[in-house]
Amino acid sequence: AQKVTQAQTEISVVEKEDVTLDCVYETRDTTYYLFWYKQPPSGELVFLIRRNSFDEQNEISGRYSWNFQKSTSSFNFTITASQVVDSAVYFCALSEPPYNTDKLIFGTGTRLQVFP
Amino acid sequence: DTEVTQTPKHLVMGMTNKKSLKCEQHMGHRAMYWYKQKAKKPPELMFVYSYEKLSINESVPSRFSPECPNSSLLNLHLHALQPEDSALYLCASSHPLSGTGELFFGEGSRLTVL
C-alpha cells in the first residue's frame, strides 16, 4: 500500500539556518509522482514541486532544493538560509494511480517555525 | 492571491442547520476536489469531480452532498452535521488528465458545528 512518512512533527530554527525536511515513501508502483506542498497559516496549500519516479535529478529553486533517492525511498526538502516567511506546515505527498484524477496521499506534515 | 476562491471563510452551524460551501475557479480546470482537514492532520480527500461528473467519493457520509453545476463551480451542501465534522474544508482544482498532481487549493472554509 502507498504510504508517506514525515517523521519530523515540528522543527524550530533561527533565521538564516539551513533546514531539511525528511520524507520517506512506500509504493509498489514503478511509476509514481512525489510532491511537496506548503501550507502557510492562511490555510491554502501551495504546490512547490513534483518529481516523477524516473527523474532522480536533484532540483534547486532559489533557496529550496530537493533530494530524491529511489534507493532509500526518500524525497527530502532543504531550505537554505531560512526566513520567517518560510514558517508553515510542509506536506510531502505521493500520487496514486490512476493518474487521471490527481489523487494524492499526504504525509502527516512537518511544522516549520523560523524565528527571527 | 489564490486562484481558487472559497466562500464563506468561516461558518458556524448547528446540527440541524442546512448550509453550503462554495468554490470557484476560472483557470479552465476540469477536475475539482473537496478535501477535509482536521487540526494538525493532513488533508483527506472527500470527493473528486472530473468534467462535472462525480468520479470519486471516498465513502463520505450522506450528510455531505457535493454538487458541480458547471466547470467553474463546486458546492458542498451540509445537512445534519455532527460536531466531529468541524474542520477546514479545502477545495482544489487541476487539469484532470495531467497526472501531475499539481492541485491548486483555495484558502479553505473553516467549519464549526455546535
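Refer to the structure above for everything that follows.
Small disclaimer: the values here were computed from a predicted structure and weren't measured. (Residues numbered from 1 in each chain as written. Chains lettered and ligands numbered in written order. Predicted model: local features only at pLDDT ≥ 70, side-chain atom pairs only at ≥ 80, totals over all residues. Heavy atoms only, no water.)

## Regarding unusual backbone geometry
Thinking step 1. Look at the link from B:Thr7 to B:Pro8: it is a cis peptide, with omega at -10°.
Thinking step 2. Structurally, B:Pro8 is set in the loop between strand S1 (4–7) and strand S2 (10–13).
Thinking step 3. Residue A:Ala81 is not a glycine yet carries a positive backbone phi of 50°.
Thinking step 4. Take A:Ala81: it is sitting in the loop between strand S9 (74–79) and strand S10 (88–95). (Helix = DSSP H or I, 4+ residues; strand = E, 2+ residues; numbered from the N terminus.)

## Some details on the packing of aromatic side chains
Thinking step 1. Considering all chains together, one arrives at 17 aromatic pairs over all chains under this definition.
Thinking step 2. Pairing B:Phe64 with B:Tyr89 gives two aromatic rings, centres 5.8 Å apart and planes at 35°, and the pair type is tilted. Taken as a pair, B:Phe64 in strand S7 (residues 64–70) and B:Tyr89 in strand S9 (residues 87–94) lie far apart in primary sequence, 25 residues in all. Both residues of the pair, B:Phe64 and B:Tyr89, belong to the buried class.
Thinking step 3. Here the aromatic cluster, defined as three or more aromatic residues joined through ring pairs, consists of A:Phe35, A:Tyr37, A:Phe47, A:Phe91, A:Phe106, B:Tyr33, B:Tyr35 and B:Phe105. (Phe/Tyr/Trp six-rings, centres within 6.5 Å; stacked < 30°, edge-to-face > 60°. Buried < 20%, exposed > 50% of the residue type's maximum accessible area, 1.4 Å probe, protein only.)

## Thoughts on the nonpolar core
Thinking step 1. Judged by nonpolar contacts, the single largest core of 24 residues is most densely connected at A:Trp36, A:Phe75, A:Phe77, A:Tyr90 and A:Leu112.
Thinking step 2. Of all the secondary-structure elements, those providing two or more residues to this core are strand S2 (10–14), strand S3 (19–21), strand S5 (33–39), strand S8 (64–69), S9, S10 and strand S12 (110–115) of chain A.
Thinking step 3. The dominant element in this core, judged by the number of residues it contributes, is S10(A), at four residues.
Thinking step 4. In terms of nonpolar packing, the next biggest core, distinct from the first, is built from 22 residues, B:Met32, B:Cys68, B:Tyr89 and B:Cys91 among them. (Core = buried A, V, L, I, M, F, W, Y, C linked by side-chain atoms within 4.5 Å.)

## Some details on the state of the cysteines
In a disulfide, the sulfur atoms of two cysteines are covalently bonded to one another.
All names here are of chain B.
Thinking step 1. Inspection of the entire model under this criterion finds two disulfides over all chains.
Thinking step 2. Sulfur-sulfur distance for the disulfide between Cys 23 and Cys 91 comes to 1.9 Å. Measuring the twist about the S-S bond at about -70°, one finds the Cys 23-Cys 91 disulfide to be left-handed. Of this pair, Cys 23 sits in strand S3 (residues 18–25) while Cys 91 is found in strand S9, placing the two residues 68 residues apart along the sequence.
Thinking step 3. The class for Cys 91 is buried, based on a relative accessible area of 0%.
Thinking step 4. Cys 91 supplies the cysteine sulfur nearest to Cys 68, a cysteine that is in no disulfide, at a spacing of 9.2 Å. (Disulfide = S-S within 2.5 Å.)

## Considerations on the pairing of S2(A)
Residues and elements named next belong to chain A.
Thinking step 1. Only one face of S2 is covered, namely the face carrying Ile 11 and Val 13; the face carrying Glu 10, Ser 12 and Val 14 is uncovered.
Thinking step 2. Here S2 pairs with S12 via five bridges, running parallel. By the bridge assignment, Ile 11 is partnered in S12 with Leu 112. (Pairing = 2+ DSSP bridges.)

## Comments concerning the environment of A:Thr27
Residue and element names in this part refer to chain A.
Thinking step 1. You can see Thr 27 is positioned in the loop between strand S4 (24–26) and S5.
Thinking step 2. In this structure, the C-alpha to C-alpha distance between Thr 27 and Ser 82, residues 55 residues apart in sequence, is 31 Å.
Thinking step 3. Each residue touching Thr 27, except ones within four places of it in the same chain, is listed here: Gln 2, Tyr 32 and Leu 94. (Contact = heavy atoms within 4.5 Å.)

## As for the pattern of salt bridges
Residues and elements named next belong to chain A.
Thinking step 1. Summed over all chains, the structure comprises seven salt bridges over all chains.
Thinking step 2. Notably, a salt bridge pairs Asp 55 with Arg 51, separated by 3.4 Å at the nearest N-O pair.
Thinking step 3. Residue class for Asp 55 comes out partly exposed when judged on its relative accessible area of 24%.
Thinking step 4. Judged by relative accessible area, Arg 51 falls into the buried class, the value being 8%.
Thinking step 5. For Arg 63, the salt bridge identified is with Asp 86, shortest N-O distance 2.8 Å. Residue Arg 63 is located in the loop between strand S7 (59–61) and S8, and its partner Asp 86 is located in the loop between S9 and S10; the two are separated by 23 residues in the primary sequence. (Salt bridge = Lys/Arg side-chain N within 4 Å of Asp/Glu carboxyl O.)

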